[in-house]
Every structure is written in C-alpha cells, then in structure tokens.
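Residue strings, one per chain:
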Amino acid sequence: MASRNNVVFEDFFPAMVEKLGADGFMKELSNGFNLLRDRDKGVITFDSLKKNSALLGLEGMRDDELRSMLQEGDLDGDGALNEKEFCVLMFRLSPGLMKDSEELLEEAIVEDSL
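How each quantity is defined
Residues numbered from 1 in each chain as written. Predicted model: local features only at pLDDT ≥ 70, side-chain atom pairs only at ≥ 80, totals over all residues. Heavy atoms only, no water. Salt bridge = Lys/Arg side-chain N within 4 Å of Asp/Glu carboxyl O. Helix = DSSP H or I, 4+ residues; strand = E, 2+ residues; numbered from the N terminus. Buried < 20%, exposed > 50% of the residue type's maximum accessible area, 1.4 Å probe, protein only. Axes fitted to C-alpha atoms, helices over the stretch in contact; angles between N-to-C directions. Parallel < 35°, antiparallel > 145°, perpendicular 65-115°, else oblique. Contact = heavy atoms within 4.5 Å. Nonpolar A, V, L, I, M, F, W, Y, C, P; charged D, E, K, R; others polar. Left-handed = near helix turned anticlockwise from the far one by under 90°. Patch = residues over 30% accessible without salt bridge, like charges linked within 9 Å, V, L, I, M, F, W, Y side chains within 5 Å. Areas by Shrake-Rupley, 256 points an atom, 1.4 Å probe, with all protein chains shown as cover. Phe/Tyr/Trp six-rings, centres within 6.5 Å; stacked < 30°, edge-to-face > 60°. Lys NZ or Arg CZ within 6 Å of the ring centre and 35° of its normal.

Let's talk about the pattern of salt bridges
Enumeration over the complete set of coordinates arrives at five salt bridges. Across the salt bridge formed by D63 and K50, the nearest N and O atoms sit 2.9 Å from each other. Taken together, the residues span a long stretch of sequence, with D63 in helix α3 (residues 63–73) and K50 in helix α2 (residues 46–52) at a distance of 13 residues. A salt bridge links E65 to R62; its shortest N-O distance comes to 3.6 Å. The partly exposed category is assigned to E65, whose relative accessible area is 30%. With a relative accessible area of 49%, R62 lands in the partly exposed category.

Quick look at the packing of α3 against helix α4 (residues 83–92)
Viewed as axis vectors pointing N to C, α3 and α4 meet at an angle of 105 degrees, and their least axial separation amounts to 9 Å. Here α3 lies roughly perpendicular to α4, going by the angle between them. Seen from α3, the contacting residues are M69, E72 and G73; seen from α4, they are E85, L89 and R92. Class assignment of the residues belonging to the contact of α3 with α4 gives a composition of two nonpolar, one polar and three charged.

Considerations on the packing of helix α1 (residues 13–36) against α4
Axis separation between α1 and α4 bottoms out at 10 Å; the angle between their running directions is 140 degrees. It follows from the interaxial angle that α1 and α4 lie oblique. Along this stretch, α1 crosses α4, giving a crossing that reads as right-handed. Within the contact between the two elements, α1 uses F13, F25, M26, L29, S30, G32, F33 and L36 and α4 uses E83, F86, C87, M90 and F91. In the contact of α1 with α4, the residues fall into ten nonpolar, two polar and one charged.

Thoughts on a nonpolar patch on the surface
Residues L35, L55 and L56 make up a contiguous nonpolar surface patch of about 250 Å² in total accessible area. For L55, the location among the structural elements is in the loop between α2 and α3. Using a relative accessible area of 55% as the deciding quantity, one classes L55 as exposed.

Structural notes on the packing of aromatic side chains
Taken as a whole, this structure holds one aromatic pair when the rule is applied. Note that R67 overlies the ring of F46, its terminal NZ or CZ placed 4.1 Å from the centroid.

Structure follows, in structure tokens:
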C-alpha cells in the first residue's frame with residue numbers, strides 16, 4: 001500500500017475509530033468512497049481510482065497496483081467497487097480494525113437502536 005513518512009495509511013484507522021466512534025468512522029469511509037467513485041456510474045472504477053487517488057495520497061501507485069486493489073476488493077466480479085465492497089476492503093487492509101470489528105459492529109447496532 002502507499003505510505004507517507006513510512007506509515008501505511010491503514011495504521012491510522014484504529015485511531016480514527018477511537019476518535020470518531022463506529023458511526024463517525026463509517027461516515028468517513030463513505031466520504032472516501034465518494035471521493036474515489038465515478039460520478040456517473042456510482043462505483044469506483046479503474047479510471048476513477050486513477051484520476052482521484054491523489055486526493056487520498058495514493059498518487060505514486062502504478063496502474064497494476066491500482067488494478068490489484070480493485071481486484072482484491074471486487075467481491076461481485078463486476079470490475080468495480082461499490083460502497084460496501086470499498087468498506088470491506090478498507091477493513092481487510094487494517095489488521096487493527098479486523099481485530100476490533102465485532103466491537104465496532106456492536107457499537108453501531110447500539111447507536112442505531114437509540
């Protein structure tokens with residue numbers, strides 16, 4: 001993955017969850033998705049990822065790395081990432097979030113029921 005100052009971006013996710021809470025973090029993931037998505041198609045395509053990746057500090061990624069990222073997250077095989085696939089990919093890329101994902105789910109359910 002891309003890095004800045006030798007810190008891989010997903011290292012920041014657990015701290016973001018702690019600061020924002022589960023609901024706030026999911027909103028931030030949604031904002032990230034919206035930055036990268038193709039406005040007409042409503043999904044992240046290779047072209048939209050390449051065009052908008054600099055917004056998230058990923059400007060140094062090669063085309064094959066971008067394609068690999070899309071393939072890894074593309075659960076339905078359509079060649080693009082919908083919002084759910086994007087969020088699942090972000091969780092998979094962050095070991096700290098995977099470890100705490102059950103707690104996050106429980107917190108989100110409790111917040112929804114209030």
